Amino acid sequence: MSGLWILLLLVLHFGVLSDGLSRPAVVNIGSIFSFNSINGKVAKIAMQAAVEDVNSEPKFLGGSKLQLTFHDSNFSGFLGIIGALKYMETDTVAIIGPQTAIMAHVISHLANELKVPLLSFTALDPTLSALQYPFFVQTAPNDFFQMTAIADMVSYYGWRDVIAVFNDDDSGRNGIAALGDKLAERRCKISYKAALPPDTIATRTDIQNVLIKLLVLESRVIVLHSYKLSGLMVFEVAHSLGMMSSGYVWIATSWLSSTLDSIAPLPTVISETIQGVLTLRPHTPDSEKKKAFFSRWSQLSGGSIGLNPYGLFAYDTVWIIAHAIKVFFEQGWTISFSNDSRLTNVVVKGALRLDEMSVFDGGGQLLNNILNTSMMGLTGPIRFTPDRSLIHPAYDVINVIGTGFRLIGYWSNYSGLSVVPPETLYVKPPNRSSSSQNLYTAVWPGQMTTKPRGWVFPYNGRQLRIGVPNRVSYWQYVSLINDNDTVQGYCIDVFLAALSLLPYGVPYKFIPFGNGFNNPSYSELVNLITTDVFDAVVGDVAIVTNRTKVVDFTQPYIESGLVVVVPLGKLNSSAWAFLRPFTPMMWAVTAAFFLVVGAVVWILEHRINDDFRGPPRQQIVTLLWFSFSTWFFAHRENTVSTLGRLVLIIWLFVVLIINSSYTASLTSILTVQRLSSPIKGIESLITSTERIGFQVGSFAENYLNEELNIPKSRLIALNSPEAYATALERGTVAAIVDERPYIDVFLSSYCKFSVVGQEFTKSGWGFAFPRDSPLAIDLSTAILQLSENGDLQRIHDKWLTGKTCSSQPEIQSDRLQLRSFSGLFLICGVACFVALFIYFVSMIRRFSRQFSEESHSSGSGSSRSARLQRFLSFVDEKEEEPKSKSKRKQMEKSSSVISERDEQRYGSKREEIDSNITGYTFA
């Protein structure tokens, strides 16, 4: 037993000893930064504080200490690479940095090769993907989320075009590419990309040359993705060029918020150049731990620099590595390195010895521990998503005012823009609806509180090139005066009235399109906007689907739609005009119901009403007379049965309706001049084989051919109202299909024609502009204003209210159809059927009762045919006859009973008398 205890103590002793031997006294981690930059200075102080805090807890790493070494890349990518190579010679388990994406793209290849995790909170290029760089980890939200926030801001304020100004390096190009993608998702775009030289070599002259080009552009929303040195220089030059005045919008990425946090207050010279700028700052929720660190910061920094969010991320990054190393040791791993066989044979002259660089054997496990980190840091909860992004990326939206700034809201990947801190929204369902997006009022450049429009007409002296159709007909809408490019008409007046309501001036020039001999193709005219021949198209342009796919239209200023116009011949009177109110089917069904109702009433009245009895010939005459005399309510026969009266009342109601409709229709036919046409609308036009006229240049041709499948051989192009009238009169075409506004003008002069059917398309006319044009939006608002204040109607009356036909021909209404009265006939038919059913059920019951009595009295039955014949005779009998027969039978039966009684009584008396006589004789 004592031996067992000794063995157990030895195992524990050597186990603890071996564990202690496996943990080195010092764990090396490195950092690569430009420590002369704002973020470099802040990060160095924060990382040193984090290492001190980790080492102040000896039990945290089981006795091991973190040793952080610093390498100053001094804004040089080459020096950054050299520093990384040196770290690989000194058994470094992790590297914090580099500071820029340029170095990160290069050093990540080295980290992949030697299995050393590389953590950065400032190299936030969204293209540093985990697939290509598995050992690179971003410990702050990358620029993908920052660009999403900017895109949401642009959409929130209603801007469509932005100008991107950026340093031409990996971080700048890739960040702006991400911004372009996010803007496109919101139907916005980057209209111009202005590339600056890299931050370290950009000069004032370079920046001035770039910004001067922006003065002639339309957009006034500028996104600046840069660094402190060149970024502040951009604002200085922009201020001198007048680009920090009212009307401009500047949105800077997080470099500006870092500068504001770390250099406070800003020098007056700098603060004056950035008034009204919006910028983003990585959001870190408030906590006691964060407040304590802020209180401690002045002691750590000695008041040399202010703390910005990237200092908090730097502090947390050290703790992420410390937690990963702690778990690494607890998993039983040891820190060991192996030589890379591919570097053994590489001979390099000089101090750099590549053969001494080694592969971190536990690098993959340490990387997994880093990615599985779950801790509470100064920046809030720290966890990584499957795509290696930090959970809950969020930003503060900051507005620069005076010598400081003001917080106007927040952005989070969870709920978008809000005035509520994101951490309070995480407990609620995500809400990205437009109504939930909110920011406080900002002060814009020029000390304006009204949201800038975001665009202006460029200052390059070029007028807006407006294409107008050079029509040869319907001058009321668009027309050229004396071929001197002066344009007038209803459409032009509406456009000019809308322009006058805009709060800014619009330089423009009308450019006619067309040869002046034929109406131009409107689809071709609209397509010239996409090829930059015109900046807009103004005229009688219909808003149709294929055009809306390539351009944007304003709000429609007049309703339109295709209609059918036909020549209408007079309907001459004739000897048979009285038959016109009803269709042949209506006449036939009405006559049939006269006979049916007459027959039903005859059946119901035949037994009890002498008016419906008599010889067969007389009964047929009575039936016909009664049936057709009800049309004039002149029937002489009275109805006495309840069922007969019910049927007659319903039938007389039907006759009243039919009679009234017939009278009204016949009166109209004989007293009102009406017109008729074989074409009743687009349906009958499609089914016919007649030729159809359309206006040259109109979309009607494509619509009839492609949508309604009418062959082009049936379509005839016509160029003017006169051509319409001639073609219709001569029969060249059976109908004209054109838009309603043109037809209204045509019919005001030509009274021999009329519209048939209904409009079979619904559209309108609008002004065409390039896609996402802000002028289209502003003019739509102006057109609505014209409609509300009555100016649109006044312009319409000025151009389109002219002479009209004194008596517009009326289109012949349809003849009265059977379907119009089918309900009445159905009611009458049901009433007749029910009445007959009740009548025959009653007759069958009465006949059965009488037949059973006769059979009982006779003591013999009869065949089925005999019973049927007897039943028909019973129905044909007058009501009094079966009653009288029944009475006679009762009387005969009673008399026979009386006779038998008398016989019995008198017979007994006779016997008594006979016996008395006999006795008397014998006596």
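Residues numbered from 1 in each chain as written. Predicted model: local features only at pLDDT ≥ 70, side-chain atom pairs only at ≥ 80, totals over all residues. Heavy atoms only, no water.

### As for the packing of aromatic side chains
Across all of its chains, the model carries 37 aromatic pairs by this definition. Where F33 meets F35, the ring centres are 6.0 Å apart and the plane angle is 40 degrees; that geometry is what we call tilted. A residue is classified by how much of its surface remains accessible, and F33, at 0% relative accessible area, is buried. Taking the centre distance of 6.4 Å and the plane angle of 20 degrees together, the rings of F833 and F837 count as stacked. Residue F833 and its partner F837 are located together in helix α28 (residues 822-858), separated by 4 residues, close to a single helical turn. For F833, a relative accessible area of 58% translates into the label exposed. Clustering of aromatic rings is evident, with ring pairs tying together Y474, Y477, Y490, F495, Y508, F510, Y557, Y742, W765 and F767. (Phe/Tyr/Trp six-rings, centres within 6.5 Å; stacked < 30°, edge-to-face > 60°. Buried < 20%, exposed > 50% of the residue type's maximum accessible area, 1.4 Å probe, protein only. Helix = DSSP H or I, 4+ residues; strand = E, 2+ residues; numbered from the N terminus.)

### Looking at the layout of surface pockets
In this structure, the largest pocket spans a volume of roughly 890 Å³. Considering the residues around the largest pocket, the lining is formed by 36 residues, among which Q99, T100, D199, Y227 and K228 are closest to the centre. Among the elements that line the lining of the largest pocket, the one with the most residues is helix α9 (residues 254-262), at 4 residues. Per-class residue counts for the lining of the largest pocket are 12 nonpolar, 19 polar and 5 charged. (1 Å grid on protein atoms, 1.4 Å probe; cavity = no way out; pocket = protein on both sides within 12 Å on 5 of 7 lines; lining within 4 Å. Points joined across faces, edges and corners; volume = space filled by probe spheres on them. Nonpolar A, V, L, I, M, F, W, Y, C, P; charged D, E, K, R; others polar.)

### Describing the packing of helix α7 (residues 204-214) against helix α8 (residues 228-240)
In contact at an axis separation of 9 Å, α7 and α8 are set at 55 degrees when each is read in the N-to-C sense. Between α7 and α8, the angle is such that the two are oblique. Note that α7 runs across α8; the crossing there is right-handed. Contacts between α7 and α8 pair R204, I207, Q208 and L211 from the former with S230, M233, V234, E236, V237, A238 and S240 from the latter. Here the residues of the contact of α7 with α8 sort into 6 nonpolar, 3 polar and 2 charged. (Axes fitted to C-alpha atoms, helices over the stretch in contact; angles between N-to-C directions. Parallel < 35°, antiparallel > 145°, perpendicular 65-115°, else oblique. Left-handed = near helix turned anticlockwise from the far one by under 90°. Contact = heavy atoms within 4.5 Å.)

### Quick look at unusual backbone geometry
The residue after G97, namely P98, is reached through a cis peptide bond having omega 0 degrees. Within the secondary structure layout, P98 lies in the loop between β3 (92-96) and α4 (101-114). The phi torsion at R187 lies on the positive side, around 60 degrees, for a residue other than glycine. Phi angles above zero are rare outside glycine, and Y474 is one such case at about 50 degrees. Checked against the element boundaries, Y474 lands in the loop between β18 (464-469) and β19 (479-481). Since its relative accessible area comes to 3%, Y474 is described here as buried.

### Considering a nonpolar patch on the surface
On the surface, L826, V830, F833, V834, F837, I838 and V841 cluster together into a nonpolar patch covering about 670 Å² of accessible area. On the accessibility criterion, F837 (51% relative accessible area) is exposed. (Patch = residues over 30% accessible without salt bridge, like charges linked within 9 Å, V, L, I, M, F, W, Y side chains within 5 Å. Areas by Shrake-Rupley, 256 points an atom, 1.4 Å probe, with all protein chains shown as cover. Salt bridge = Lys/Arg side-chain N within 4 Å of Asp/Glu carboxyl O.)

### Some points on the side chain of T148
If you trace the backbone, T148 turns up in helix α5 (residues 143-156). From its side chain, T148 meets the backbone oxygen of F144 in a polar contact 2.8 Å long. Those residues in contact with T148, other than ones at most four positions away along the chain, are K182, R186 and W411. (Polar contact = N/O pair within 3.5 Å; in protein donor to acceptor, adjacent residues only side chain to side chain.)

### Re the confidence of the model for the protein
On average, residues of the protein carry a pLDDT of 84, and 82% of them reach 70 or more. Low pLDDT, under 50, characterises residues 1-21; the predicted model gives this stretch 0 contacts beyond four residues in sequence or across chains. (pLDDT = per-residue confidence, 0-100.)

### Regarding the side chain of D316
Position of D316 relative to the elements: it lies in helix α12 (residues 309-330). Despite being buried, D316 has no salt bridge partner; K289 is the closest side chain of opposite charge, sitting 5.7 Å away. For D316, the residues in contact, after removing those within four places along its chain, are G377, L378, T379 and I382. (Lys, Arg positive; Asp, Glu negative; His and termini not counted.)

### What to know about the environment of P503
You can see P503 is positioned in the loop between α16 (490-500) and β21 (508-513). For P503, a relative accessible area of 73% puts it in the exposed group. Along the primary structure P503 and D778 are separated by 275 residues, whereas in three dimensions their C-alpha atoms are 9.5 Å apart.

### Side note on the nonpolar core
Membership of the largest hydrophobic core comes to 86 residues, with the highest contact counts inside it found for Y477, Y490, Y557, V564 and L775. Counting residues per element, this core draws most heavily on α16, at 8 residues. Setting aside anything within four residues of it in sequence, one finds V564 in contact with I679, G681, I682, L685, A735, I736, V737, S754, V755, V756 and F760. One finds L85, L114, Y310 and I325 within the second-largest nonpolar core, a separate group that totals 75 residues. (Core = buried A, V, L, I, M, F, W, Y, C linked by side-chain atoms within 4.5 Å.)

### Describing the sheet that holds strand β17 (residues 416-418)
Taking strand neighbours across the sheet as the criterion, the 8 strands line up as β7-β6-β8-β9-β10-β15-β16-β17 in an open arrangement whose pairing is mixed. The sheet terminates laterally at β7 (189-196) and β17, the two strands that pair on one side only. If you compare each strand with its neighbour and ignore which way they point, the axes differ by 30 degrees on average. The pairing of strand β9 (residues 249-252) with strand β10 (residues 278-282) spans 2 bridges and is parallel. (Pairing = 2+ DSSP bridges.)

### Section: α5
Over its 14 residues, α5 runs 20 Å from end to end, which matches the ideal 20 Å to within 8%, given 1.5 Å per residue. The buried fraction of α5 amounts to 11 of the 14 residues, a majority that puts the element mostly inside the structure. Here α5 has its buried residues at D143, F145, Q146, M147, T148, A149, I150, A151, D152, M153 and V154. Near the N-terminus of α5, the side chain that reaches the backbone nitrogen of F144, with its oxygen 2.8 Å away, is that of N142. Looking at the residues trailing α5, positive phi occurs at G158, about 80 degrees. (Expected span 1.5 Å × (residues − 1).)

### Some remarks on the sheet that holds strand β29 (residues 715-718)
Spatial ordering of the open sheet is given by β29-β28-β30-β25-β31, a layout of 5 strands whose pairing is mixed. Each end of this open sheet is capped by a strand with a single partner; those strands are β29 and β31 (753-756). The average undirected angle you get between the axes of adjacent strands in this sheet is 35 degrees. Sheet topology note: the strand β25 (residues 562-567)/strand β30 (residues 735-739) ladder contains 4 bridges and is antiparallel. Bridge pairing links V565 to I736 in β30. Packing against the sheet, helix α25 (residues 740-749) makes contact with β25, β28 (692-695), β30 and β31, and its axis sits at approximately 125 degrees to β30.

### Quick notes on the pairing of β7
Inspection of the sheet shows strand β6 (residues 161-167) paired to β7 by 7 bridges, in the parallel sense. Of the residues in β7, the one forming a bridge with V162 is I190. For the crossover from β6 across helix α6 (residues 170-185) to β7, the handedness is right-handed. (Right-handed = clockwise from strand over helix to strand, strands pointing away.)

### A look at the pattern of salt bridges
Summed over all chains, the structure comprises 22 salt bridges. In this structure, D791 engages R794 in a salt bridge whose closest nitrogen and oxygen atoms are separated by 2.2 Å. Of this pair, D791 and R794 both sit in helix α27 (residues 791-800), 3 residues apart, which is roughly one turn of the helix. Each of the salt bridges in this network shares a partner with another, and the network as a whole consists of D152, K182, E185, R186 and R432.

### Digging into helix α2 (residues 38-55)
Between the first and last C-alpha of α2 there are 26 Å, a value that for 18 residues agrees with the 26 Å anticipated at 1.5 Å per step. For α2, a buried count of 14 out of 18 residues is recorded, marking the element as mostly surrounded by other parts of the structure. One side-chain oxygen of the residue at the start of α2 lies 3.0 Å from the amide nitrogen of G40, identifying that residue as S37.

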